[in-house]
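A structural walkthrough
In case you want the letters, here they are:
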Amino acid sequence: MSALLEVRGLVKTYGSGDAATHVLRGLTLALEKGEMAALLGASGSGKSTLLTILGTLMQPTSGSYTMLGQDLLAAGDAQLTQFRNKHIGFVFQFHNLLPDFTALENVLFPTAVREGRETAAARTRGRDLLARMGLADRIDFPTANLSGGQKQRVAVARALMNAPELVLADEPTGNLDRASAMQVMALIAQINAEEGTTFLISTHDDTIAGLCRRRVLVKDGVVTG
Ligand SMILES: Nc1ncnc2c1ncn2[C@@H]1O[C@H](COP(=O)(O)OP(=O)(O)OP(=O)(O)O)[C@@H](O)[C@H]1O
């Protein structure tokens, strides 16, 4: 495996003065290409903060961040947007799907908006991903009519649409029952094995963490294990 990303000495402080919350206190973490890692830590330890910074959606207070050889803290907004669209996928606990649109439209939407058009190749990839998520018979269903587990599988397919090197998942199984959670994790593991996509998955659930090959524990603002 080779290096995908590295953050060093990451500090994130929200607010200032008496109201300051010191969340990350010099955190260092490297992820290799093809890793599947669980991100663990008590509530409020900074997991979402770290995922948001890794996703280039927020700047740290200080520290360094390189991914695929690029210094992402030196990049401008337009450059970051382009980098994020190409290389990073996101899955959240609340999937943010458009309920009136079909599963396929939801998967294609971000790519179509970015490119200003919807290509045949994109439709083929979207259909293929939904089929691999076990949703071949739900491709043309409005997502409002899908179960929670099915919706989350659509969200995983959407995150994978551009074949990103990195997928950041913030409690992706947090509101699913055990069977659906295990199904989503099995599909993530399959994509990890087949496409070499790196996953960093925050979770409070030991069983979910046990399905990942590596555990990253955040405590007192640093990685402790
Ligand atoms: N925008 C913000 N402004 C001020 N404080 C914030 C902001 N976002 C998060 N925090 C604080 O930073 C700390 C870390 O929050 P974060 O959401 O990163 O933790 P977490 O580990 O993801 O928690 P959980 O497991 O409960 O989701 C918390 O104390 C939170 O209240």
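Residues numbered from 1 in each chain as written. Predicted model: local features only at pLDDT ≥ 70, side-chain atom pairs only at ≥ 80, totals over all residues.

- Going by an unreviewed UniProt entry, the chain carries the name Lipoprotein-releasing system ATP-binding protein and comes from Loktanella salsilacus.
- Taken from UniProt, the Sequence similarities (unreviewed entry) comment for the chain reads in full: "Belongs to the ABC transporter superfamily. Macrolide exporter (TC 3.A.1.122) family." (UniProt positions renumbered as here; feature names shortened; annotations may be inferred.)

A word on the sheet that holds strand S3 (residues 36–40)
- Strands sit in the order S6-S7-S8-S3-S9-S10 across an open sheet of six strands; the sheet is mixed. For this open sheet the edge positions go to strand S6 (88–92) and strand S10 (222–223), each flanked by a neighbour on one side alone.
- The sheet contact formed by S6 and strand S7 (residues 166–170) spans five bridges and is parallel. Bridging across to S7, Val 91 finds its partner in Ala 169.
- Running at roughly 150° to strand S8 (residues 198–202), helix H1 (residues 47–54) makes contact with S3, S7, S8 and strand S9 (214–219) of the sheet. (Pairing = 2+ DSSP bridges. Helix = DSSP H or I, 4+ residues; strand = E, 2+ residues; numbered from the N terminus. Contact = placed C-beta atoms within 7 Å. Axes fitted to C-alpha atoms, helices over the stretch in contact; angles between N-to-C directions.)

Considerations on the sheet that holds strand S4 (residues 62–67)
- Strands sit in the order S2-S1-S4-S5 across an open sheet of four strands; the sheet is antiparallel. With partners counted over all chains shown, the strands left at the sheet margins are strand S2 (21–32) and strand S5 (70–71), one partner each.
- Two elements, strand S1 (residues 3–14) and S4, share five bridges in a ladder whose sense is antiparallel. By the bridge assignment, Val 11 is partnered in S4 with Ser 62.
- H1 contacts S1 and S2 of the sheet and is inclined by roughly 55° relative to S2.

A look at the site of the ligand
- The environment of the ligand is formed by Tyr 14, Gly 15, Thr 21, Val 23, Gly 41, Ser 43, Gly 44, Ser 45, Gly 46, Lys 47, Ser 48 and Thr 49.
- Going through the elements one at a time, S2 and H1 are the ones with two or more residues in the shell around the ligand.
- Of the residues forming the shell around the ligand, the biggest block, three residues, is contributed by H1.
- Residues that form the shell around the ligand fall into these classes: two nonpolar, nine polar and one charged. (Near = placed C-beta within 6 Å. Nonpolar A, V, L, I, M, F, W, Y, C, P; charged D, E, K, R; others polar.)

Some remarks on the UniProt feature "domain: ABC transporter" (unreviewed entry) in the chain
- On the UniProt side, "domain: ABC transporter" (unreviewed entry) is annotated at positions that read residues 5–224 here.
- Regarding residues 5–224, the helix share stands at 37% and the strand share at 26%, and the terminal C-alpha atoms are separated by 18 Å.

Digging into the environment of Leu 108
- Mapped onto the elements, Leu 108 comes out in helix H3 (residues 103–115).
- The spacing of Leu 108 and Arg 158 is 50 residues in sequence and 7.1 Å in space, taken between C-alpha atoms.
- With residues up to four places along the chain from it excluded, the contact list for Leu 108 reads Glu 118, Ala 122, Arg 123 and Gly 126.

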